[in-house]
Amino acid sequence: QADVVLAGVEKRYGNTIALRSMDLSIERGELFALLGPSGCGKSTTLRLIAGFEQPSAGRVFVRGNDVTRIPSSKRNFGIVFQGFALFPHMTVAQNVGFGLRMRKLQKSEMKQRVMSALELVGLDHLADRYPRQLSGGQQQRAALARAIVIEPDVLVLDEPMSALDKILRDRMQVEIRRIQQRLKMTTILVTHDQEEALGMADRVGVLNGGRIEQVGTPRSIYETP
Ligand code: ADP
Ligand code: ADP
């Protein structure tokens, strides 16, 4: 059962072809890594999947619906950006709750959902701190909690480790993967880091020049000469 389907998707910006007839199917609950160098079309693919932009040709479906026809209020994406983008003037709990503000929840339910997201990432004891009072790894956990508190249909991780040093990066890869599997959340990881993609993903799509060159399990990608 595919959660995200791209069918013959093409994206042009003026004379630039950012994506060329892309066909891709991402299964429910899998972690799919989009791997490729800068400029290969990773961000464009994400923007199309999130419905921020329209394809020049082809169609994008999320849970069977054409994303261009899903009203923005019904689009349910959790996104962890590179650099985390936490609001500096809000506490950790307020940052995580921010994603829920449109949901018109009771205050008590909101609080409970924020706390259980923070527990999941091991940050419940730091709920009242401000981002600058957190380490890099803790900030990343807070950003992850903010993305998953809405129980997204699709979780997008956009170069999520790029702000972390190597040791922390390795640790967070394992931790994020564990949380993703526990929640069985359909997840798209965008990265230029081959080790990260092959180490974390169920399947990897190798993008180059706006084209998917290869799709497969990490093992099958390793074994390709
Ligand atoms: P990546 O995320 O892999 O670095 P992008 O999706 O950002 O790649 O870009 C793919 C190609 O499309 C690049 O050649 C880039 O310059 C071009 N591109 C992306 N967005 C725009 C835009 N808004 N206007 C013009 N060209 C763009
Ligand atoms: P890049 O990630 O290549 O730096 P930009 O920052 O130029 O791309 O993003 C251009 C637009 O796409 C912005 O309006 C931003 O809100 C949106 N955007 C950036 N990253 C993502 C993402 N991971 N998913 C969805 N939209 C994104």
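Residues numbered from 1 in each chain as written. Chains lettered and ligands numbered in written order. Predicted model: local features only at pLDDT ≥ 70, side-chain atom pairs only at ≥ 80, totals over all residues. Heavy atoms only, no water.

- The name an unreviewed UniProt entry assigns to the protein chain is Spermidine/putrescine import ATP-binding protein PotA, from the organism Acetobacter garciniae.
- Its UniProt record gives the protein chain a comment under Subunit (unreviewed entry), which states: "The complex is composed of two ATP-binding proteins (PotA), two transmembrane proteins (PotB and PotC) and a solute-binding protein (PotD)." (UniProt positions renumbered as here; feature names shortened; annotations may be inferred.)

## Notes on the pairing of strand 7 (residues 154-158)
- Counting buried residues along strand 7, five of its five residues qualify, which places the element largely inside the surrounding structure.
- Neither face of strand 7 is open: one carries Val154, Val156 and Asp158, the other Leu155 and Leu157, and all of them are buried.
- Relative to strand 7, strand 6 (residues 77-80) runs parallel, the two being bridged by four bridges. Residue valine 80 lies in a different strand from strand 7, and its bridge partner there is leucine 157.
- Where strand 7 and strand 8 (residues 187-191) come together, four bridges link them in parallel fashion. From the neighbouring strand, valine 156 faces strand 8, where its bridge partner is isoleucine 188. (Buried < 20%, exposed > 50% of the residue type's maximum accessible area, 1.4 Å probe, protein only. Helix = DSSP H or I, 4+ residues; strand = E, 2+ residues; numbered from the N terminus. Pairing = 2+ DSSP bridges.)

## Digging into helix 4 (residues 136-148)
- Along its 13 residues, helix 4 runs 19 Å from first to last C-alpha, staying within 8% of the 18 Å computed at 1.5 Å per residue.
- Counted residue by residue, helix 4 has 10 buried out of 13 residues, so it is predominantly covered.
- If you follow the buried residues of helix 4, they end up packed against strand 6, helix 2 (92-98), helix 3 (107-120), strand 7 and helix 5 (166-183). (Expected span 1.5 Å × (residues − 1). Contact = heavy atoms within 4.5 Å.)

## Some details on the packing of aromatic side chains
- Applying the stated criterion to the full structure yields one aromatic pair.
- Positioned over the ring face of phenylalanine 98 is arginine 101, at 3.8 Å from the centre of the ring. (Phe/Tyr/Trp six-rings, centres within 6.5 Å; stacked < 30°, edge-to-face > 60°. Lys NZ or Arg CZ within 6 Å of the ring centre and 35° of its normal.)

## Some points on the site of ligand 2
- The environment of ligand 2 is formed by Ser43, Leu46, Arg47, Phe52, Ile79, Phe81 and Asp158.
- The separation between an oxygen atom of ligand 2 and a polar side-chain atom of serine 43 is 3.0 Å.
- Within the contact set of ligand 2, a nitrogen atom lies 3.0 Å away from a side-chain nitrogen or oxygen of aspartate 158.
- The biggest single contributor to the shell around ligand 2 is helix 1 (residues 42-49), with three residues.
- Partitioning the shell around ligand 2 into residue classes produces four nonpolar, one polar and two charged. (Near = heavy atom within 4 Å. Polar contact = N/O pair within 3.5 Å; in protein donor to acceptor, adjacent residues only side chain to side chain. Nonpolar A, V, L, I, M, F, W, Y, C, P; charged D, E, K, R; others polar.)

## Some details on the sheet that holds strand 5 (residues 65-66)
- Pairing within the open sheet is antiparallel, and its four strands lie in the order 2-1-4-5. Edge positions in the sheet fall to strand 2 (16-27) and strand 5, since each has one partner strand and no second.
- For strand 4 (residues 57-62) and strand 5, the ladder comprises two bridges, and the chain directions are antiparallel. Bridge pairing in strand 5 places phenylalanine 61 opposite aspartate 66.
- This element, helix 1, spans strand 1 (2-13), strand 2 and strand 4 of the sheet and lies at about 120° to strand 1. (Axes fitted to C-alpha atoms, helices over the stretch in contact; angles between N-to-C directions.)

## Points about helix 1
- With six of eight residues buried, helix 1 lies mostly within the body of the structure.
- Among all positions of helix 1, only Lys42, Thr44, Thr45, Leu46, Leu48 and Ile49 are buried.
- Trailing helix 1 by a residue or two, glycine 51 shows a phi angle of about 80°, which is positive.

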